Amino acid sequence: GAVVSQHPSWVICKSGTSVKIECRSLDFQATTMFWYRQFPKQSLMLMATSNEGSKATYEQGVEKDKFLINHASLTLSTLTVTSAHPEDSSFYICSASDRGLQGYTFGSGTRLTVV
Amino acid sequence: QKEVEQNSGPLSVPEGAIASLNCTYSDRGSQSFFWYRQYSGKSPELIMFIYSNGDKEDGRFTAQLNKASQYVSLLIRDSQPSDSATYLCAVGTVSGSARQLTFGSGTQLTVLP
């Protein structure tokens, strides 16, 4: 089955620094990837849609200059949280979409803690 | 604005019972419907998807879709303690060339041994 690898699984960083999260589709080409954020006891909120070779589409209220998305190849999308603050601490999850798939495949998630 | 609502939890059922999870959605243009299971601290895993009205069965799980009522449900038969998790209903719509998912807030299920 389709596999999406996400790294790192957890990261602790200091306030003001930047953190990069990688999402790779291992056995299929992902023309589109989605980035979600999930706060404790809450559901997944879509942050942005990442399209290979073009700019990402951000959801309302998500700062594109703070959450930089790069989808340079059909198998890799990255999310960089710039100038991280404690309120950015959350569970970030990517998922990949391929037209041949019957469902979306999620990465294992990244637990970000900003101290 | 697209909305997906799930019945409020938490839901507790005894082992061996049937667990019933419900979900309604607001966008009549929705085309695909998914149920995910999420254990604490983990990412969601797909249980079932359904596209057409009616029932779809897979092992102990049955998804039911009624597009006229904008309603989708998940039944878990012979519930096991390992089924204890948060269940997320997700509704897919096409945006540009990609399908986007909108998630409900989730229902926490506890199966009591």
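Residues numbered from 1 in each chain as written. Chains lettered and ligands numbered in written order. Predicted model: local features only at pLDDT ≥ 70, side-chain atom pairs only at ≥ 80, totals over all residues. Heavy atoms only, no water.

## Thoughts on the nonpolar core
Point 1. Core analysis: the largest hydrophobic core is formed by 24 residues, its most contacted members being A:Trp35, A:Phe67, A:Leu79, A:Tyr92 and A:Leu112.
Point 2. At the level of elements, β2 (10–13), β3 (19–25), β4 (32–38), β5 (45–51), β7 (67–73), β8 (76–81), β9 (90–97) and β11 (110–114) of chain A are the ones that each hand at least two residues to this core.
Point 3. Excluding residues within four positions of it along the chain, A:Leu79 makes contact with A:Val19, A:Lys20, A:Ile21, A:Trp35, A:Phe67, A:Leu68, A:Ile69 and A:Tyr92.
Point 4. Judged by nonpolar contacts, the second largest core, of 23 residues, contains B:Val4, B:Ala19, B:Tyr25 and B:Val91. (Core = buried A, V, L, I, M, F, W, Y, C linked by side-chain atoms within 4.5 Å. Buried < 20%, exposed > 50% of the residue type's maximum accessible area, 1.4 Å probe, protein only. Helix = DSSP H or I, 4+ residues; strand = E, 2+ residues; numbered from the N terminus. Contact = heavy atoms within 4.5 Å.)

## Digging into the sheet that holds β3(A)
Residue and element names in this part refer to chain A.
Point 1. On the basis of which strands lie adjacent, the open sheet formed by 4 strands has the order β1-β3-β8-β7 and antiparallel pairing. In this open sheet, the two edge strands, each paired with only one partner strand, are β1 (4–7) and β7. For this sheet the average axis-to-axis angle between neighbouring strands, irrespective of direction, equals 15°.
Point 2. Examined bridge by bridge, β3 and β8 share 6 bridges and lie antiparallel to one another. For Cys23, the partnering residue across the bridge sits in β8 and is Ser77. (Pairing = 2+ DSSP bridges. Axes fitted to C-alpha atoms, helices over the stretch in contact; angles between N-to-C directions.)

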